[in-house]
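Letter by letter, the chains look like this.
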Amino acid sequence: MKLKDRHPAVILFFFAAVLVLTLSTHHPAIALMSLLSAFLLRVRLAGIRKAARSLPYLVPMTLLMILFNSLFNDRGLTVLFSIRRLSVTLESVLYGLVSGLMLSAVMLWFQSYNNMMDSGRFLALMGRRLPVISMMISMIFRLIPESVAHGHEIEMSRRALLGEPKGRFRLAGAIRMTTVLMAWSMENAIETADAMRAKAFDAGRRRAYGRIRRSARDIPPMAAMALFLALAAAGALAGGSAFLYYPFLAVPTRARAGWAMAGWLTGSAALFAVPFLADALSVLSDRIREARRQRADTDPFVTAMVPRIKSGGPQ
Amino acid sequence: MKDQQVSPIIRADGFCFTYPGEKNEALKELSFEVPAGAFLLVAGPGGSGKTTLLRALKEELKPAGIYQGSVEVDGETGFVMQDPSNQIVMDRVWHELAFGLENLGLAPAAIERRIAETAHFFGIEHWIDRPVNELSGGEMQILNLASTLIMNPDILILDEPTARLDPVSVAHFLDLLDRIHRETGRTLVMSEHRMTDVLSMVDRVLFLDGGRIAFNGKPGSFAGYLLDRDLPFRAALPAATKAVRRLEEETGQSAAGPPSLDVPAARRRLRQLAPLTNPPEAVPEARQSREVILEAKELFFRYQAGLPEVLKGASLVIEEASIHAVIGGNGSGKSTLLHLLSGLLDPVSGKVKKRSGIRTGLLTQHTQALFSADALFEELMELSELGGYGREEVLGIMERFGLEGLADRHPYDLSGGEIQKAALAKLLLLSPDLLLLDEPVKGMDSASKEQFSDCLRTLASEGKTVVLVTHDLNFSAETADTCSLLFDGRIVATEAARPFFRGNTFYTTDYARVTEGIIPDIITAADLQKIRKAGHED
């Protein structure tokens, strides 16, 4: 089962955990892992072309981070070159690079979040707790496209009557458009209010209904994610995530000692990979089911009555 | 099961209502009863008090004002209004269905079950997840019906629910109402200004005129009542009913039973009557062809690269000083074609050739988008500077369109017919030579349509050219010189109006359908007037 089809709480948990992991340390390994998995997820959800379209602003942003950090931060021992009294060090360049990668990763994660959590899913999560706000949001999502369409209509009918607006009529046209749109929307709102009253909105017994149900099948992925997060957190707390940029790049010995670093990295990697693991598991379980079905001894009385089915099931 | 005995579920006794600040009563001395399980039609011309009466039956929508007498409603009521879009509150279909039940505080499991049931009954399971903005007007109105019925009201009140829909959606909507009535035995109270299809469906009619009950009884006797009187509302009767009555009058054969309300009954009666008449004289077809004012050649259009083409090689020739109707179904590209002719949109390929120097004016479908002032007179004066006209011209055109009494009225408070006339007046003040009208008679009652048709005929005789796109075949037949059929992005037929409608079997006027194969060459009501009793010479 794909992550996208899960309960919104599962999706929200995944993205929250991923953001916490990405931002809680400033480790090059995490930044790289996060960026790579964020990009792959984006490719998986939106296709390579759309994913690639973020590069033109992610790359310059990263370069800018490097530039700023290396210019304004002269800590570090490995001097690459000096401009007057300003020395640019390898350490500060790398620090800027990691910051840029982290920021890029976060932006890519947010794009995927928007793709997975449309307004309906978010509302489903909020609906019970904030019924008034969730209802308002729903009404707003209804009104925005309608108002845009009405605005377009007004503009069209105006241009139909008068042709392309010119000179001072352009401003007058814009003002008039706003007036008409307001009057029109208000007129419509009166009817909408009537319709709400006709459907017992004033009864004062309102209880929000969400269409998305909690289900037992959401527990395993939730548990798995919690486990990965716990592992990563324990490793990090034991010092596994320590990394020194200054005075020179170094992984402290205490980090390398014992299970701390291994636990932290494994937990993080597993968590970042959750969407792909979910995909892989769903493919795998389909295969297994298929294999089982072919092997299964179906009751001969059932098979006798069923027309010969090709692989792929009934229909 | 509902109580099957015929106890009234609505009972009005000397019921009067006056709006605050008005001297005259909007509803006068209404006394009537509606038995449980009845389908009541509240008929009447615009402004006769239909909406006021229906709203008075719904506790939450009762208008403010002075009430006298009594009206008792014994049960829960649901209310469906005219405008499909404005009644929708939430952003998704499933959420709109849930809205009323949420308000009643039902448990989620109960709501889920009701949604499932209702979606199934209405056959809308497949669009339950869709955003409401993507629905067509007809689909929106079905959603409004479903989201009202889901609350399980005893009485369903509908205030002109089909007025803003196209003919195909109207038929579907009425079928659903009929099913609700037959299968659930609910009481339905509906106001309508069109009688075709409706009259044969309902079992009682309450006819309001000037706020009074002018008639209360069975639909058959109601048709008889209207036929015997020269009321403007008579125009609303089904073509089938009117055609039969016309022949009965001409041949002097009085009807044995109640008037025919539907096409099969009317055709049976017409078969008896037709041999007693002389077929009407053939109408001279020859109409000299006029100069071409606009020509569209092979228009192709799509709204965005990647989207399907809306027009696929549409060609059209418009002659000067004529009325040209382009008819076609939903999504056939009618509005798009009109926008291309106006120059608002440019074709992907193909060409629109206009005679140089002519001024074009276009009225889009939502004429509301045109109005910004608080009073009609100011509204019409709005473009005086730009259009180079003054008070005199405005007063003149208001008088011409019969709008002179409405100078101070807010444009939104005009009736459907008045709004269209006001919009047309505003357009004409800019003195265009070529008028392009998008669905100009949508939502108009029969009497207003007749008036509007006369308006357009006069304009054409004065040398204006009119192109209108519409669903309304009867209106096209009565108004247009030339008709074109737009189908699948192409103009598949263009002919003079009479041969055009004579050549179609299904896609033709109500009169042509009723008389097809019985009396030749009947397209409009005017044709019926030409029929003479056999043996009688003019």
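Structure: see above.
Residues numbered from 1 in each chain as written. Chains lettered and ligands numbered in written order. Predicted model: local features only at pLDDT ≥ 70, side-chain atom pairs only at ≥ 80, totals over all residues.

## As for the packing of helix α1 (residues 8–24) of chain A against helix α5 (residues 90–116) of chain A
All names here are of chain A. Running from amino to carboxyl end, α1 crosses α5 at an angle of 175 degrees, the nearest separation of the two axes being 10 Å. Between α1 and α5, the crossing angle belongs to the class labelled roughly antiparallel. The segment α1 lies against α5, with Ile-11, Phe-15, Val-18, Leu-19, Thr-22 and Leu-23 engaging Met-102, Ala-105, Val-106, Trp-109, Tyr-113 and Met-116. A breakdown of the residues in the contact of α1 with α5 according to their chemical character gives eleven nonpolar, one polar and no charged. (Axes fitted to C-alpha atoms, helices over the stretch in contact; angles between N-to-C directions. Helix = DSSP H or I, 4+ residues; strand = E, 2+ residues; numbered from the N terminus. Parallel < 35°, antiparallel > 145°, perpendicular 65-115°, else oblique. Contact = placed C-beta atoms within 7 Å. Nonpolar A, V, L, I, M, F, W, Y, C, P; charged D, E, K, R; others polar.)

## Some thoughts on the sheet that holds strand β2 (residues 27–35) of chain B
All names here are of chain B. As summarised here, the arrangement of the three strands in space is β2-β1-β4, forming an open sheet in which the pairing is antiparallel. Of all strands in the sheet, those bounded by a partner on one side alone are β2 and β4 (66–73). Averaged over neighbouring strand pairs, the angle between their axes works out to 5 degrees when direction is ignored. (Pairing = 2+ DSSP bridges.)

## Digging into helix α9 (residues 334–342) of chain B
Residues and elements named next belong to chain B. Counting buried positions along α9 yields eight of nine residues, so the element is predominantly enclosed. Those residues of α9 that sit buried are Lys-334, Thr-336, Leu-337, Leu-338, His-339, Leu-340, Leu-341 and Ser-342. Where α9 ends, the next residue or the one after it, Gly-343, has phi of about 90 degrees, a positive value. (Buried ≥ 20, exposed ≤ 12 C-beta atoms within 10 Å, placed from the backbone.)

## Examining the interface of chain A and chain B
Buried accessible area, meaning the area lost when the parts come together, often serves as the stated size of an interface. Of the residues lining the interface, 40 residues belong to chain A; the matching set on chain B comes to 44 residues. Every element with two or more residues in the side of chain A that touches chain B is listed here: α7 (131–162) and α8 (168–198) of chain A.

## A short note on unusual backbone geometry
Cis geometry is adopted by the peptide bond preceding Pro-247 of chain A, which originates at Tyr-246 of chain A and carries an omega value of 0 degrees. Here Pro-247 of chain A is to be found in the loop between α9 (219–237) and α10 (253–256). A positive phi angle is found at Arg-84 of chain A, which is not glycine, with a value near 50 degrees. A positive phi angle, close to 40 degrees, is found at Ser-431 of chain B, a residue other than glycine. Checked against the element boundaries, Ser-431 of chain B lands in the loop between α13 (416–429) and β16 (434–438). You can call Ser-431 of chain B partly exposed: it has 13 C-beta atoms within 10 Å.

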